[in-house]
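Observations on chain architecture
What follows is the residue order along each chain.
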Amino acid sequence: MKSTIVATVPPALQVDDSAPGDRWLTVDMTVNGVPRMLRAPAHRTLLEALREDLGLTGTKHGCELGECGACTVLVDGQPRLGCLTLLASVEGRTVTTVEGLGTTAEPHPLQVAFVDRGAAQCGYCTGGMLLTAAALLADNADPTEAEVRAALAGNLCRCTGYASIVAAVRQAARMVAGGASHPRSGAQG
Amino acid sequence: MLHLPSFRYLAPRSLSEAVGLLAELGAEAQLLAGGTDLLPLLKRGQLSPRYLVALAGVPELSGIRTAAEATVRDGSGLTLGALTSIAELTRQPVLRRHFPVIGHAASLIATPTLRSMGTLGGNLCLDTRCTYVNRSPLWREAAGDCLKCTGDVCRVAPGDDRCWAAVSSDLAPAMIALDAQIRIAGPRGERVIPAEALYRDDGLSHLTLSAGEIVVDVQLLRPTGVCASYMKLRPRASFDFPSLGVAVALRMAKDECENARVVVGAVASRPLRIAEAEVILTGHVPTAERLSAAADAVHRAIRPMDNVDLPPGYRRQVARVFTERALQHALRQVPARAGANGALTPGRQN
Amino acid sequence: MSSTGSTRTPDFTIIGHRRSKVDAWPKVTGRANYADDLPFAHLLYARLLRSPHAHARIRAIDATRALAVPGVTAVISGADLPVPYGILPVSQDEHGLAVDKVRFVGDPVAAIAAEDEETADHAMGLIVVDYDVLTACMTVDEALSATGDPIHANGKANNVHKRVALEFGAVEAAFEAAAHVREDLFFYGGSNHLALEEHAAVAEYSPDGRLTLWSSTQTPHYVQRALAKALQLPERRVRVVASVIGGGFGGKTEALPHEVAAARLAMITGRPVKCRLSREEVFYSHRGRHPMHVQLRAAARVDGTLTGLHVRTVLDGGAYGSYGVASTYYSGALPPATYRLPAYRFEGARVFTNKPPCGPKRGHGTPQPRFGLEVLLDKLAEDLGLDPLAIRLKNLVAEDSVTVNHLRVTSCGLRACLERVADASGFLDKHRRLPRGEGVGLAASCYLSGAALPIYWNGLPHTTVHIQADRTGTVHVACGATDIGQGSDSVLASLVAEVLGLDLVDIQLDTADTALAAVDLGSYSSRVTFMMGNAALRAAENLREQVLCAVGRELHLPTHRLILHSGQVALRDERSPIMSWPDALQLTQASGAVLAASGTYAPPPLAGPYKGAGVGPSPAYSYSACVVHVNVDAETGQVVPSEVWLAHDGGRALNPTQVEGQIEGGVYMGLGEALWEEQSFRGPLHAGPTALDYKTPTALDMPIVHCLLVETDDREGPFGAKEVGQGPLLPVPPAVANAVYDAVGVRVDEVPITPDKVLRALDRQARGQPARHGPRRFPDIAYPPLTVVEPPAGAPQL
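Quick caveat, the model's predicted, so the values are computed rather than measured.

About the criteria used
- Residues numbered from 1 in each chain as written.
- Chains lettered and ligands numbered in written order.
- Predicted model: local features only at pLDDT ≥ 70, side-chain atom pairs only at ≥ 80, totals over all residues.
- Heavy atoms only, no water.
- Axes fitted to C-alpha atoms, helices over the stretch in contact; angles between N-to-C directions.
- Helix = DSSP H or I, 4+ residues; strand = E, 2+ residues; numbered from the N terminus.
- Left-handed = near helix turned anticlockwise from the far one by under 90°.
- Contact = heavy atoms within 4.5 Å.
- Nonpolar A, V, L, I, M, F, W, Y, C, P; charged D, E, K, R; others polar.
- Buried area = accessible area lost by both parts, 1.4 Å probe.
- Salt bridge = Lys/Arg side-chain N within 4 Å of Asp/Glu carboxyl O.
- Polar contact = N/O pair within 3.5 Å; in protein donor to acceptor, adjacent residues only side chain to side chain.
- Expected span 1.5 Å × (residues − 1).
- Buried < 20%, exposed > 50% of the residue type's maximum accessible area, 1.4 Å probe, protein only.
- Pairing = 2+ DSSP bridges.
- pLDDT = per-residue confidence, 0-100.
- Phe/Tyr/Trp six-rings, centres within 6.5 Å; stacked < 30°, edge-to-face > 60°.
- Lys NZ or Arg CZ within 6 Å of the ring centre and 35° of its normal.
- Domains from an automatic or database assignment.

All names here are of chain B. Two elements in contact, helix α11 (residues 288–301) and helix α12 (residues 312–331), have axes whose closest approach is 8 Å; the angle formed by their N-to-C orientations is 145 degrees. Between α11 and α12 lies a crossing of right-handed hand. Mapping the contact onto sequence places A288, L291, S292, A294, A295, D296, V298, H299 and R300 in α11 and R316, Q317, A319, R320, T323, E324, L327, Q328 and L331 in α12. Of the residues in the contact of α11 with α12, the class split is 8 nonpolar, 5 polar and 5 charged.

Listed below in structure tokens is the structure:
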């Protein structure tokens, strides 16, 4: 069930030549459990591919230079900044975006906790926070307050002062420990 | 949205293939490791390589290996592949046990996600940085582009004829303090140099790598009795590059310091070994007066420029304080001195 | 963590309880559509060409080569947008693209529409602009003494934008008679909002002449007005829809160049045009905190009673007016609403400089003088041998009083806030008693719950809520109010649901769309809960009345015996359900009613009888008090905030989770300004227009924040509620400064309190010199002659 998506070709790129290396790449990856094949210019970032080629706009941009964390996604379960990741480098890998973090029937405990704690005010940092926290909980099931803050130290938030976010992450950890279902981040399909 | 400029992408599968490609493509090629330094440079138009050579698939650059041969005075050795992630450096058990200063310096770099993406080689080879350099084309046009980009004047020191962009690596001072050995592969074969020799004090060209050379790995040897410490000054507890980095390493024999290294980062285009401070410490018992004198020597020796966060005069003052504290912290690790007092004073010790 | 000291709590189902926000699920699943997420077919992308000069005349613009690039559809310049606009009627000094002159590095001068941004970027480099460079003024002093071209030709002399001088009560007499006079100088640095979502807008123009703009904006109505003016369209043919907004904080409260340019390009090309700003461009769009010079002089009795206060401010306005005239008035408005002052003089001025324009940022012109006043009170207390708590308690403004500058104070929980925060933090046990390097500082403040006067004079409601219901039980609520993340949609739904006895999920909202909802002035001045809330209550109560009357008639029961509860009509006393909500609606409709109700709100007339009185009055003020505990490294000057207590009187916490969230966010932003953030310049250039160089605190920089909710149940607030969006930020910077003094005995009378400043003051201390770092002089500005205003009857007297 693969779908091939061809990225938009800016007019300036419509010239081809026979120099070494590839100007265009075909990249196979799995995004939120769905196999995808994208043919895109080599300079396409994962952020651009997700938002503009796949229409997955849940991953946000706040600076595009790796200075805010808003574009955090999971690649093979590990947090990566989409703005500094070439699409080429996720060949054969599994990508999880916020849209793939849980389902309506079974939201991720972090999502439940964020809703419960008011941890999404404007919501723009939320996707990045959720995915970074999901990776943390997959690695450390019972993080202390300090460990949560350290894990989220690369995700800026301008609304919450981080307090409700940290509380939500710890609440989610308790929920999981108490038996709430916990889909393993990034590792499904 | 900021976009990357277009380029042609190559992904060699071996070190020899990578070296061959660089030789073939010449100055129009840039190496891509984690990409966390390179991609922003491209997005800001500071570099526009025709080719990106991705190193992720080169096996010789990965892995952490314990040295087979015995090293000086029965210490243990460790070889770290250049593609080792910064995050891995913070976690690696042998590093933590025998070279804790490396893991500590690594833990102070950037953010958790950037540490997962960034590499040892990438951090050692980080481009020099400056307020006038790491800027968009509009900004640099408005400022008058500088020596490091397309202009011909250093905006930080207009009277000088050199570029003062600051070395921005946190690992480099620590590696130099421990006299790490860097293996380099290039068109003329392999060579191994001490970490110190990787750098020159020129903001434009601060790495001594020749055309087509690639950092392969870093070897750490551990003579017994070496204690080390690294302190980083930055405005926030995350994200920020060093405004100052002070690394010290002392090889102790009983009460005496047999050999001292004091290395300061972010105050020049290369990490600076402060010989004047090392002389004060080497061959002597590290008394409080000696530590203070060494710290004074660092203060006198460095000339930070107004090109990174925090004012240069302030960074000089803190260099004195951090040198003293780093030395105290290092000495507290020595078993014989384990009773030494002194809780670290509050504040961002880093 | 929080505790609520509430007044009698009626039996609410939703109000006062912790509830999830109505927009929480879309936000945590990545389904909330921000402006750059909205899907459009056949989109063109626009980019703005910006000036590399801080001040220059535009001689010519040649876009020929740019237009020839394949994929470029249009290029426009100031000539295509000749009609000026501006948020304030008195400050119509902006064009979407610069006309005649550019006034700061980053000032937009042309706009290009192309098939994609990369093509637009490439073509932008081919536009040739011929500039005549003029001398730039980068500081207030430079601007005031400039002899070359003024930044605005029709401004006052010496680049002065606005001056004000007001006196209430016998000020000189108060100073002459005072036992103690204290004068201090302060400087508060400028800062950016750094909303995480970069500005973005999409404009579409239909063939039959209707313009729609989807935008990340806090004020659709004001943007609609400005677009209509700039594009010369009737307002009714301009529709502005605020998308989900990723933070505003005042940076998105007026029509901005990228919106105006996108709209013009849409009209020219006939295709939807998207313009999104990079992070650097957001620093150029700015409209942030004015750098402000503050001079304060206070007169007091020996026992600490304040007898007079003189405030002087100079605002560094940047290149355009924006809200700046209002900011200027705000810089002198609130001291008498916090402390009882029988004599008050305020002189303020705003000066143009060649920098990105300043405007409203959370607190709007009040954090800066607040910083000065709360630090001065600390110093005054020390002069007089009082503690910081005592001197404030001695001077609190009275509840239900009127100030010398004609502000009406209603509910005032400032005493409770101060006492609670001092108690929770153990302030008096710690102040002046902690080991060197540790300290605690206290400060108080107040803020408006919405400006009592609209930005453009009119006698119309500030907000309207329409409610429509139907036989299915659906309740549809429409209001132009704009949720910027502060949760106003949730407040709206909660209030209506409470009155109608429904669940939050049963309320359908249409907000922030000028076509689908009636005018609400927007999310600024902390007006939305209070004003939208009151309108919502009126509408909901009206609908409830219609329904209960119809049911009562049908069942022969008096209306007063019926309530709406849990989706039912029920008997009040027994709570026993007698008819479902849908059945009741059908019954009501069958009896001939329309099942619709509206509510409006306009504040009561509150402005005093003097020019400038329109800024400052509010139907209610919130109050806050803060204690900050810091650790200061006396060898490096580094200041680490380790714990913050903030008590806030917001009237009633409609939703404690949301209220605490605003407190935590306000404290965070206050700490950011206090210790790290600065919109600073290197010559003509922004020193660091990036998210890395602009230092906003991370999760590791933030201390624990204790939220203490004080409830005074304001008689005019919806269910007693007042604002919480801006107040909690205000006392934080001065509390930090006071804490630093407590820790190491040095005064930093300047914000941000960076470690180099602390160290400089510590060095002076070590040398036996006055241990202060701060401004030594005040800009050389001439204020106009004082307008002496008679205080109102009942105002404090000596």
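That was the structure; now back to the text.
The interface of chain A with chain B comprises 35 residues on the first partner and 31 residues on the second. Here chain A and chain B share an interface that buries about 2800 Å² over both sides, 62% of which is from carbon and sulfur atoms. At the boundary of chain A and chain B, one finds 0 salt bridges. At the junction of chain A with chain B, the criterion picks out 10 residue pairs in polar contact (both at pLDDT 80 or more). Among the elements of the structure, α1 (46–53), β5 (78–81) and α4 (145–151) of chain A are those that each provide at least two residues to the side of chain A that touches chain B. Looking at the side of chain A that touches chain B, its residues break down into 19 nonpolar, 8 polar and 8 charged.

Across the boundary between the two partners, chain A contributes 47 residues, which contact 54 residues of chain C. Interface area, chain A with chain C, both sides summed: about 4000 Å², of which 57% is carbon and sulfur. Across the chain A-chain C interface, the total number found is 5 salt bridges. With its nearest N and O atoms 2.6 Å apart, the salt bridge here joins K60(A) to D37(C). On inspection of chain A and its partner chain C, the count reaches 30 residue pairs in polar contact (both at pLDDT 80 or more). Mapped onto the side of chain A that touches chain C, the elements with two or more residues apiece are α1, α2 (109–117), α3 (126–139), α4 and α5 (163–177) of chain A. Of the residues forming the side of chain A that touches chain C, the biggest block, 6 residues, is contributed by α2(A).

This part covers helix α15 (residues 488–500) of chain C. Residues and elements named next belong to chain C. For α15, with 13 residues, the first-to-last C-alpha span of 18 Å sits near the 18 Å given by 1.5 Å per residue. Taken across its 13 residues, α15 has 13 buried, putting it largely inside the fold. Following α15 by one or two positions, G501 has its phi on the positive side, about 65 degrees.

Let's shift gears to the sheet that holds strand β5 (residues 101–102) of chain C. All names here are of chain C. One open sheet holds the 3 strands; their spatial order is β5-β3-β7, and the pairing between them is antiparallel. Each having just a single partner strand, β5 and β7 (128–133) make up the two edges of the open sheet. Pairing of strand β3 (residues 56–62) with β7 involves 6 bridges; the strand directions are antiparallel. Looking at the pairing, A56 lines up with V133 of β7.

Moving on: the confidence of the model for chain C. All names here are of chain C. Of the residues in chain C, 99% have a pLDDT of 70 or more, and the chain-wide mean is 97. Confidence over residues 1–8 falls short of pLDDT 50; this stretch has 23 contacts with residues more than four positions distant or in other chains. Predicted complex, confidence summary: ipTM 0.97, pTM 0.96.

The final tally for this structure, using the stated rule, is 15 aromatic pairs over all chains. Arranged with centres 5.1 Å apart and planes meeting at 65 degrees, the rings of F168(C) and Y610(C) form a pair that is edge-to-face. Taken together, the residues span a long stretch of sequence, with F168(C) in strand β8 (residues 160–168) and Y610(C) in the loop between β26 (596–601) and β27 (621–632) at a distance of 442 residues. Just as F168(C) is buried, Y610(C) falls in that class too. Relative to Y694(C), the ring of F283(C) has its centre 5.4 Å away and its plane inclined at 55 degrees; by these criteria the two rings are tilted. Residue F283(C) is found in helix α8 (residues 279–285), and its partner Y694(C) is found in the loop between β30 (685–686) and β31 (704–710); the two are separated by 411 residues along the sequence. Of the two residues examined, F283(C) and Y694(C), each falls in the buried class. Residue placement shows R162(B) over the ring face of W164(B); its charged tip is 3.8 Å from the ring centre.

Take the domain arrangement of chain C next. When the parts of a complex come together, some accessible area is lost, and that lost area is often taken as the interface size. Residues and elements named next belong to chain C. Under the domain assignment, chain C is made up of domain 1 (24–32 + 460–601), domain 2 (35–134 + 198–245 + 252–285) and domain 3 (292–453 + 608–789). One C-alpha centre belongs to domain 2, the other to domain 3; they are set 36 Å apart. Taken together, the contact pairs 22 residues of domain 2 with 23 residues of domain 3. A per-residue breakdown of the area domain 2 buries against domain 3 is headed by R103, F104 and F283, which together make up 32% of the total. In this structure, the connection of domain 2 to domain 3 is made through 0 salt bridges. Between domain 2 and domain 3 we count 8 residue pairs in polar contact (both at pLDDT 80 or more) in total.

Residues and elements named next belong to chain C. Across the junction of V751 and P752, the peptide omega takes the value 0 degrees, indicating a cis bond. Among the structural elements, P752 can be located in the loop between β33 (750–751) and α20 (755–766). We note that Q232 has phi near 55 degrees; this positive angle belongs to a residue other than glycine. Relative to the helices and strands, Q232 is located in the loop between α6 (220–231) and β12 (238–242).

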